[in-house]
Structure formats: structure tokens, C-alpha cells
Amino acid sequence: MVEPLFQIKIECICCTESYQTSRVRPSLKKAVRTDSDFCSYFKTVNPDYYVVRVCPFCGFASTENFVTKLSEKQKSAYYEKLGNQWQFRDYGGERSAVLAMECYKLSLVTAQAIGEKDRVVAALLHHIAWLYRYEGKQDQEERFLKFAMDSYVRVYETERDSISNARLMYLIGELHKRLGLFHEAVRWFGRVIHDKKIVDAAMIRASREQWQNIREIMTGQGLDLPEEMQQSGA
């Protein structure tokens, strides 16, 4: 049988040392199912466990979405926050759920230290929420979904002209829904459905489905429907 993991070589953008990190073979990346906020489940190895690469020498933990070059100011900020306390640790081999969580949290601290873009920070927070979901730790999952949701809203406010606007708005609606904030969720889904500039059919369809889902949940629980729902269907 083919080994599920293979190694790639990375040069750390912080300390410039080279190191090896593991990746999951593309043939094994097919999800068996995916949640409505894009959290995926896999038959064998979870590729999400290997998204973050951690430099064993200085601890700088990044993903492919990080900046490719650091300023001296960013390096100093990183060393002050984490690098100066770092002791050699190699995350390059096989990772358990616990090790994957350590890598993501290191990456979150790294991103915050160097002032990474909100979009990158939001994705890390969302992935940490997924890791808690895999473990069935609902309180922690919801805590990080809330952090991710707030970060995605900041992304929307600062990058609203970006091309993946529909997916971003859908995600913000979806995280509001998962946190039981139905009125806000409906507002975000409504933006995707009714904005004539949006032509992303998949996101429009997904937003309609979640809009209807919220209607059913709220009706079932005897809750007052948001104004937008009373005025029109989706």
C-alpha cells in the first residue's frame, strides 16, 4: 500500500533554515462528506492535520497563505512573542489530533505576532474550530467559530471588493447560523441571494438552502421570523 504521507522541503522565512514537513498524497484528499461550513471528513488521513508547517529551529508556524517574506520588524515581533522561548521541536512526521492542534495554535500566535492579514487569521481560527468539532468538543468549537466569524466580518469590511465575496458572505451567514444568531445569519444569506452582482450559483444555492433551513428551525421552535423572511421568501 502507498504511504499516505510524503515529505517536502521548506525554507523558513524567519530563520532561513531548511526543514522537512509532511503532506498527504493528493489521491487521498477526497472527502467522504463536508459540513455546510466546508469542514471535511476523510476516510483515512486528515489532510487538515498537515496544512501548517512548523520550523523546528525557530518555531515559525505558517501555511501556504502566509506572506512569503518577512520584514525585520515582523521577525523581531515574532521572536519577542514566541521565537525567543522556542526549544527545538520537530512536527515534520505523522501528526495526531493533539499535534495538529498544537501546530494550528502555533500558527495562530505566529500570524498574530507578524500582523498577518485578517483573511489568514480567520481561516486559522475556523480550522481550529473544525479540529474541536472532530473531537466533539462543542464549547471550544463554538468559541473558535465566534472568533472566526468576527475575523471574517473584518475581512468583509476591509476586502469587500475581492473576488470570493459570495463565499465569504455565505460563510459569515453560516457561522452566525451555527451560533444560533439566526437574524444576523438571514441578513448575510440574503445579501448573497439578492445581490445582482453575485453570479456564484453554488453560493446562491447554498444560501437559499440555509435560509430555508433557518425558517424551518425558527418555525419549529416557535420563534419570530426575521423581518426579511416575513416580507419575502428566498
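Scroll up to find the structure.
Residues numbered from 1 in each chain as written. Predicted model: local features only at pLDDT ≥ 70, side-chain atom pairs only at ≥ 80, totals over all residues. Heavy atoms only, no water.

Attention now goes to the pattern of salt bridges. Within this structure, the stated rule accounts for 15 salt bridges. For Asp 150, the salt bridge is made with Lys 146, and the minimal N-O distance between the two is 2.8 Å. Of this pair, Asp 150 and Lys 146 are both found in helix H4 (residues 138–159), four residues apart, which corresponds to roughly one turn of the helix. The exposure class of Lys 146 is partly exposed, given its relative accessible area of 37%. For Arg 187, the salt bridge goes to Glu 228, with nearest N and O atoms at 3.7 Å. Taken together, the positions of Arg 187 in helix H6 (residues 182–194) and Glu 228 in helix H8 (residues 227–231) put the pair 41 residues apart, joining distant regions of the chain. The exposure class of Arg 187 is partly exposed, given its relative accessible area of 38%. (Salt bridge = Lys/Arg side-chain N within 4 Å of Asp/Glu carboxyl O. Helix = DSSP H or I, 4+ residues; strand = E, 2+ residues; numbered from the N terminus. Buried < 20%, exposed > 50% of the residue type's maximum accessible area, 1.4 Å probe, protein only.)

Further remarks concern the environment of Cys 15. Counting through the fold element by element, Cys 15 comes out in the loop between strand E1 (5–11) and strand E2 (18–24). Along the sequence, Cys 15 and Cys 58 sit 43 residues apart, while their C-alpha atoms lie 6.6 Å from each other. Residues contacting Cys 15, with those up to four places away along its chain left out, are Cys 55, Phe 57, Cys 58 and Tyr 79. (Contact = heavy atoms within 4.5 Å.)

Geometrically, a pair of aromatic rings is defined through the distance of the ring centres and the angle of the planes. Under the defined criterion, the tally for this structure stands at 10 aromatic pairs. Residues Tyr 78 and Tyr 79 carry aromatic rings whose centres are separated by 5.7 Å and whose planes lie at 65° to one another, so their mutual orientation is edge-to-face. The exposure class assigned to Tyr 79 is partly exposed, which follows from its relative accessible area of 25%. Every member of this aromatic cluster is reached through a ring pair, and the members are Phe 60, Phe 66, Tyr 78 and Tyr 79. The positively charged end of Arg 167 is found above the aromatic ring belonging to Phe 38, 3.9 Å away from the centroid. In this arrangement the basic side chain of Arg 191 is found over the ring face of Trp 188, its NZ or CZ atom lying 4.2 Å from the centre. (Phe/Tyr/Trp six-rings, centres within 6.5 Å; stacked < 30°, edge-to-face > 60°. Lys NZ or Arg CZ within 6 Å of the ring centre and 35° of its normal.)

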